[in-house]
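The primary structure of each chain is shown beneath.
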Amino acid sequence: ETVSVGSLAGEGELWLNFWASYCSPCVAELPLLDKIDGTEGRRVLLVSADAPGDMDRANEIAAKRAPSLKRYFIATDCEETENAKMLSALVDLERLPIPTTLVFDSDGELKRVIRGPVEEE
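What you are looking at is a predicted structure, and each value in this text was computed from that prediction instead of being measured.

Caption draft 1: Structural detail: the overall build of the chain. Within the chain, the secondary structure is distributed over four helices and five strands. Along the chain, helices (α) and strands (β) appear in the sequence α-β-α-β-α-β-α-β-β when read from the amino end. The burial tally for the chain puts 40% of its 121 residues in the buried class. A fraction of 67% describes how many contacts in the chain between residues 6 or more apart in sequence connect residues 24 or more apart.

Structure (structure tokens):
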């Protein structure tokens, strides 16, 4: 199923957080992202850069530290999927520093890039 960024954001903002289970700052920020989700119209989605063999571990970590967030995987070391191709058009997956959070408005426009861990406001 293909959906637009704007439709995912709804009336507020969509925060796409790129993380990995082997990245300690990424894992550390998961509870804060879970807390941010749903506040002030914000929706947070996790996009893991973990390899396919590490997906179970990443899923377990995210489920414990950010149980309310939806989780997705890029699976960069397997054959490129259509979803990965569409994501690659948006961000340079090979050079993306993690954690990075892309913040989109309800029109699907990229409004802000948070490089490094998200900080409490």
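Caption draft 2: Up close: the pattern of salt bridges. Evaluated as defined, the whole model comprises three salt bridges. Across the salt bridge formed by Glu60 and Lys64, the nearest N and O atoms sit 3.7 Å from each other. Highlighted residues: Glu60 and Lys64, both in helix 3 (residues 55-65), separated by four residues, approximately one helical turn. For Glu60, a relative accessible area of 49% corresponds to the partly exposed category. Residue Lys111 pairs with Asp105 through a salt bridge whose shortest N-O separation is 3.6 Å.

Caption draft 3: Just the environment of Glu121, in detail. Along the polypeptide, Glu121 turns up in the segment after strand 5 (110-115). Apart from residues lying up to four places away in sequence, Glu121 is in contact with Trp15, Arg42 and Arg112.

Caption draft 4: Here's a closer look at helix 3. For helix 3, the complete set of buried residues consists of Ala58, Ile61 and Ala62. Within helix 3, the buried residues cover an arc of 95 degrees as seen down the axis, which keeps them to one side. Facing away from the buried side of helix 3 by more than 90 degrees, the exposed set consists of Asp56 and Lys64. Looking at the buried side of helix 3, the elements it contacts are strand 1 (13-19), helix 2 (24-36), strand 2 (42-48) and strand 3 (70-73).

Caption draft 5: Quick look at helix 2. Compared with the 18 Å implied by 1.5 Å per residue over 13 residues, the 19 Å span of helix 2 between its first and last C-alpha is a close match. The largest bend in helix 2 is about 40 degrees, located at Leu30, with the proline Pro31 one to four residues further on. The set of residues buried in helix 2 consists of Cys26, Val27, Glu29, Leu30, Leu32, Leu33, Asp34 and Ile36. Taken together, the buried residues of helix 2 touch strand 1, strand 2 and helix 3. Positioned one or two residues after helix 2, Gly38 has a phi angle of 90 degrees, which is positive.

Caption draft 6: Inspection of the side chain of Asp50 at higher detail. Take Asp50: it is sitting in the loop between strand 2 and helix 3. Here the side chain of Asp50 touches Ser21 through a polar contact of 2.6 Å, side chain to side chain. Among the polar contacts listed, one links the side chain of Asp50 to the side chain of Ser48, at a separation of 2.6 Å.

Caption draft 7: Layout of the nonpolar core. With 20 residues, the main nonpolar core has Trp15, Trp19, Leu30, Leu33, Leu46 and Val118 as its most contacted residues. Only strand 1, helix 2, strand 2 and helix 3 provide two or more residues apiece to this core. Looking at this core, the element that brings in the most residues is helix 2, giving six residues. Ignoring any residue separated from it by four or fewer positions in sequence, one finds Leu33 in contact with Trp15, Asn17, Val44, Leu46, Leu69 and Val118. Grouped together as the second largest cluster of nonpolar side chains are nine residues, Leu14, Phe18, Leu96 and Phe104 included.

Criteria and thresholds
Residues numbered from 1 in each chain as written. Predicted model: local features only at pLDDT ≥ 70, side-chain atom pairs only at ≥ 80, totals over all residues. Heavy atoms only, no water. Helix = DSSP H or I, 4+ residues; strand = E, 2+ residues; numbered from the N terminus. Buried < 20%, exposed > 50% of the residue type's maximum accessible area, 1.4 Å probe, protein only. Contact = heavy atoms within 4.5 Å. Salt bridge = Lys/Arg side-chain N within 4 Å of Asp/Glu carboxyl O. Arc of directions from axis to C-beta. Expected span 1.5 Å × (residues − 1). Bend = angle between axes of the 7 residues up to and from the residue. Polar contact = N/O pair within 3.5 Å; in protein donor to acceptor, adjacent residues only side chain to side chain. Core = buried A, V, L, I, M, F, W, Y, C linked by side-chain atoms within 4.5 Å.

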